[in-house]
2 protein chains.
Amino acid sequence: MSFGEASRVSPQGGGKYTAEVQPGWDIFGVTNGGYLLGIAGRAIEAEAEGRTVASVSARYLNPAGPGNAEIVVEPLKTGRTMSTFQAILSMEGKIVLTAHASLVDQVDGPPAALLSRGAPPELPRVDDCMKLVPGEDAPLPPPFAGKVECYIHPDDYQIGTASEGGPRMRGWFRLTDDEPLDGWAVVLASDAFPPAIFNSDLPVGWTPTVDLTVHVRDPRPRGMLMCSYSTRFVSGGWLDEDGELWDTEGNLVALSRQLALVPR
Amino acid sequence: MSFGEASRVSPQGGGKYTAEVQPGWDIFGVTNGGYLLGIAGRAIEAEAEGRTVASVSARYLNPAGPGNAEIVVEPLKTGRTMSTFQAILSMEGKIVLTAHASLVDQVDGPPAALLSRGAPPELPRVDDCMKLVPGEDAPLPPPFAGKVECYIHPDDYQIGTASEGGPRMRGWFRLTDDEPLDGWAVVLASDAFPPAIFNSDLPVGWTPTVDLTVHVRDPRPRGMLMCSYSTRFVSGGWLDEDGELWDTEGNLVALSRQLALVPR
């Protein structure tokens with residue numbers, strides 16, 4: 001099932017939508033946060049009259065399995081160039097996530113850069129990276145790994161030791177069957193790789209996302225994404241994970257930042 | 001008037017609060033976003049039973065002058081270790097900002113770092129930095145500059161040229177009269193300096209914040225803050241500004257990220 005199909009929403013009127021959170025998009029039974037935000041995003045988009053996501057911040061309140069979801073979208077402001085929405089996705093009466101998003105009119109092609117202090121990560125060819133595939137008899141990689149295509153830099157797929165410049169997790173991303181990317185697929189990509197903190201000597205464990213904020217510069221990138229995620233600060237039970245997503249022509253596609261809990 | 005006084009809120013029951021957005025906390029007549037978020041934050045805090053801000057994301061919808069504000073706080077989840085709230089601050093019937101915040105129990109002292117890939121910015125002594133004071137006969141520095149104390153690295157206070165490693169804006173921060181810092185003062189500090197993009201050869205102009213997300217690692221830092229803000233990517237009408245806030249003992253106090261519009 002494609003990401004487009006798996007994130008489909010049905011309008012119920014008055015800004016309410018229903019959706020089916022699909023099985024298999026999970027890590028240890030907990031549905032991936034980028035996928036869930038994609039579902040909320042479809043509902044937001046349906047209210048946005050053709051506008052597309054430029055920025056979204058989501059806060060995750062309760063873990064979710066597969067099943068029926070309800071999304072309530074509220075328009076906060078419709079401006080000349082930007083529309084802002086709030087969405088709350090609930091399952092079984094519990095809030096799973098709450099999101100704020102800013103949507104703008106679509107522009108063709110990647111935006112011209114006036115300033116760029118950065119570059120795509122240096123990645124080996126796709127064939128020389130480690131493709132994540134779900135473990136047959138093991139819980140890791142999780143079932144979710146079969147729903148997207150992540151090819152990880154072999155230097156970073158070292159669990160238990162930081163690579164040079166790490167902890168980080170770099171790699172290629174595309175949807176299965178080369179499904180075209182849109183803004184919500186970019187958001188999905190920002191949460192699709194294993195946590196960068198796995199590439200360190202800290203204990204490997206569940207790192208629940210509290211906040212995920214993604215600023216999308218190009219909501220219709222062509223080709224595969226070149227992604228780089230890194231964690232710089234682990235303190236007080238928190239960790240950050242910053243992501244940069246690029247297209248293969250050197251255009252910045254998105255910046256992401258997560259705040260996650262460190263397992264105690 | 002102290003930040004504490006200027007951000008005071010009055011409970012009206014049912015999660016509703018009123019506040020007075022004070023004059024003089026503005027830039028060209030538009031009230032500073034960190035200060036406005038501080039007001040919303042006081043209302044959130046009043047509902048949080050002693051918990052303190054660990055993370056907040058705010059989206060700014062309409063510019064605000066001074067005057068009466070109403071804040072509506074809605075609890076989204078009260079957990080064992082964390083409480084999550086939504087707040088909407090409105091003035092004259094228009095939404096000024098909407099915020100999501102996660103609050104946790106207070107811990108004494110800065111949190112121990114398990115991993116730190118970074119360091120406080122190298123700053124000259126406070127006396128050797130440029131103190132921002134409001135222009136007497138000029139619109140810049142703005143009146144807001146008199147409400148907080150920002151001492152800027154002289155290398156970065158170069159409007160129209162990027163400093164080495166720039167565009168960036170580094171400096172010391174404290175509240176006037178050395179008012180003790182709390183989590184919302186840290187949020188204020190994250191939006192108190194001139195935009196880092198001023199330290200570049202791009203046109204200087206109004207850069208309205210669309211999203212401000214601040215992750216606070218230490219909500220009660222002692223002494224002055226050592227701050228560093230930088231912009232790395234300007235494209236498609238957007239710019240990012242990432243901030244790191246440190247205490248003088250080398251502990252990370254907060255990470256901030258803004259998404260702002262580039263003037264066209």
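See above for the structure.
Residues numbered from 1 in each chain as written. Chains lettered and ligands numbered in written order. Predicted model: local features only at pLDDT ≥ 70, side-chain atom pairs only at ≥ 80, totals over all residues. Heavy atoms only, no water.

Chemist: Just checking my understanding: could you explain the overall build of chain A for this structure?
Modeler: Helix and strand counts for chain A stand at three helices and 17 strands. On C-alpha atoms alone, chain A measures out to a radius of gyration of 18 Å, which is about the 18 Å that the 2.2 N^0.38 rule sets for 264 residues. By principal-axis analysis of the C-alpha atoms, chain A measures approximately 50 × 45 × 40 Å. Counting all 264 residues of chain A, 60% fall into the buried class. Residue pairs at least 24 apart in sequence account for 67% of intrachain contacts in chain A once pairs closer than 6 positions are excluded. By element, 49% of the accessible surface of chain A is carried by carbon and sulfur atoms, the whole surface being about 10,500 Å². (Helix = DSSP H or I, 4+ residues; strand = E, 2+ residues; numbered from the N terminus. Rg over C-alpha atoms; globule rule 2.2 N^0.38 Å. Buried < 20%, exposed > 50% of the residue type's maximum accessible area, 1.4 Å probe, protein only. Contact = heavy atoms within 4.5 Å. Areas by Shrake-Rupley, 256 points an atom, 1.4 Å probe, with all protein chains shown as cover.)

Chemist: Explain the side chain of A:H100 here, please?
Modeler: With respect to the helices and strands, A:H100 occurs in strand β8 (residues 94–104). By relative accessible area, which is 1% here, A:H100 ends up buried. At a separation of 3.0 Å, a polar atom in the side chain of A:H100 contacts the side chain of B:T98. The contacts of A:H100, once residues within four sequence positions are left out, are A:S55, A:V56, A:S57, A:L76, A:F85, A:Q86, B:R59, B:T98, B:A99 and B:H100. (Polar contact = N/O pair within 3.5 Å; in protein donor to acceptor, adjacent residues only side chain to side chain.)

Chemist: Mind showing me how you'd approach the pairing of strand β12 (residues 168–175) of chain B here?
Modeler: Within a regular strand, side chains alternate between the sheet's two faces. Residues and elements named next belong to chain B. Counting buried residues in β12 gives six out of eight residues, a clear majority hidden from the surface. Examined bridge by bridge, β12 and strand β14 (residues 225–230) share six bridges and lie antiparallel to one another. Within β14, the position partnered with R170 by the bridge is S228. (Pairing = 2+ DSSP bridges.)

Chemist: Explain the packing of aromatic side chains here, please?
Modeler: Evaluation of the coordinates by the stated rule reveals 11 aromatic pairs over all chains. Arranged with centres 5.3 Å apart and planes meeting at 40 degrees, the rings of B:F193 and B:Y229 form a pair that is tilted. Of this pair, B:F193 sits in the loop between α3 (183–189) and β13 (209–216) while B:Y229 sits in strand β14; the two residues are 36 residues apart in sequence, bridging distant segments of the chain. Chaining the aromatic ring pairs together yields one cluster made of A:F3, A:W25, A:Y35 and A:F144. (Phe/Tyr/Trp six-rings, centres within 6.5 Å; stacked < 30°, edge-to-face > 60°.)

Chemist: How should helix α2 (residues 33–46) of chain A be read in this particular structure?
Modeler: One turn of the α-helix equals 3.6 residues, which is why residues spaced by three or four share an orientation. Residues and elements named next belong to chain A. Under the 1.5 Å per step criterion, the end-to-end length of α2 is 20 Å for 14 residues, consistent within 8% with the ideal 20 Å. Within α2, 12 of the 14 residues are buried, which leaves the element mostly enclosed by the surrounding structure. Of the positions making up α2, those classed as buried are G33, G34, Y35, L36, L37, G38, I39, A40, G41, R42, A43 and I44. Between the side-chain oxygen of the N-cap and the backbone nitrogen of G34 there are 3.0 Å, and the N-cap of α2 in question is N32. (Expected span 1.5 Å × (residues − 1).)

Chemist: Would you explain the interface of chain A and chain B in this entry?
Modeler: Frequently, the measure chosen for interface size is the accessible area removed from exposure when the parts meet. The interface of chain A with chain B comprises 56 residues on the first partner and 56 residues on the second. Between chain A and chain B, a total of about 4,800 Å² is buried, with carbon and sulfur atoms accounting for 60% of that surface. When the shortest N-O distance is used, the salt bridge between A:R257 and B:D242 registers 3.7 Å. No other element matches β8(A), which puts seven residues into the side of chain A that touches chain B. Residues belonging to the side of chain A that touches chain B are distributed by class as follows: 29 nonpolar, 17 polar and 10 charged. (Buried area = accessible area lost by both parts, 1.4 Å probe. Salt bridge = Lys/Arg side-chain N within 4 Å of Asp/Glu carboxyl O. Nonpolar A, V, L, I, M, F, W, Y, C, P; charged D, E, K, R; others polar.)

Chemist: Before we go on, may I ask you to explain the relation of the copies chain A and chain B in this structure?
Modeler: Between the two copies of this chain, the relationship is a rotation about some axis together with a displacement along it. For the pair chain A and chain B, the superposition axis carries a translation of 0.0 Å, the fit reaches an RMSD of 0.0 Å, and the rotation angle comes to 180 degrees. Here the two chains are linked by the operation of a two-fold rotation axis. For chain A, the minimum C-alpha distance to the rotation axis belongs to A:S57 and amounts to 3.5 Å. Taken together, the interface assignments show that 100% of the residues at the interface of chain A recur at the interface of chain B, consistent with an identical surface on both copies. (Least-squares fit on C-alpha atoms with pLDDT ≥ 70 in both.)

Chemist: Explanation requested: a nonpolar patch on the surface in the structure shown.
Modeler: The grouping of A:F28, A:L140 and A:W206 at the surface amounts to a nonpolar patch, some 320 Å² of accessible area in total. Structurally, the position occupied by A:W206 is in the loop between α3 (183–189) and β13 (209–216). (Patch = residues over 30% accessible without salt bridge, like charges linked within 9 Å, V, L, I, M, F, W, Y side chains within 5 Å.)

Chemist: Please explain the pairing of β13(A) as it appears in this structure.
Modeler: Residue and element names in this part refer to chain A. With seven of eight residues buried, β13 lies mostly within the body of the structure. Relative to β13, strand β5 (residues 52–60) is paired through five bridges, and the arrangement is antiparallel. Of the residues in β13, the one forming a bridge with A58 is L212.

Chemist: How do you make sense of the environment of A:A99 when you look at a structure like this?
Modeler: Considering the arrangement of structural elements, one finds A:A99 in strand β8. The exposure class assigned to A:A99 is buried, which follows from its relative accessible area of 0%. Linking A:A99 and A:L239, residues 140 residues apart in sequence, is a C-alpha distance of 20 Å. Residues in contact with A:A99, not counting those within four places in the same chain, are A:L37, A:V56, A:S57, A:A58, A:F85, A:Q86, A:A87 and B:H100.

Chemist: How should I be thinking about the pattern of salt bridges in this particular structure?
Modeler: When their charged atoms lie close together, side chains carrying opposite charge are able to pair. Per the counting criterion, the structure on display carries 26 salt bridges over all chains. Of the charged contacts in the structure, one is a salt bridge between A:R220 and A:D108, with a shortest N-O distance of 2.8 Å. Taken together, the residues A:R220 in the loop between β13 and β14 (225–230) and A:D108 in the loop between β8 and β9 (113–116) connect sequence positions 112 residues apart. With a relative accessible area of 67%, A:D108 lands in the exposed category. The structure contains a network of salt bridges with shared partners spanning A:D242, A:R257, B:D242 and B:R257.

Chemist: Teacher, can you tell me more about the environment of A:G165 here?
Modeler: All names here are of chain A. Tracing the backbone through its elements, the reader meets G165 in the loop between β11 (148–152) and β12 (168–175). According to the relative accessible area criterion, G165 is exposed, its value standing at 60%. Taking the C-alpha atoms as reference points, G165 and S230, separated by 65 residues in sequence, lie 8.8 Å from one another.

Chemist: Would you mind going over the side chain of A:S190 with me for this structure?
Modeler: Residues and elements named next belong to chain A. Take S190: it is sitting in the loop between α3 and β13. Classification of S190 by relative accessible area gives buried; the value is 3%. From its side chain, S190 meets the backbone oxygen of V187 in a polar contact 2.6 Å long. Once residues lying within four places of it in the same chain are set aside, the contact partners of S190 are L212, V214, Y229, L245, S256 and Q258.

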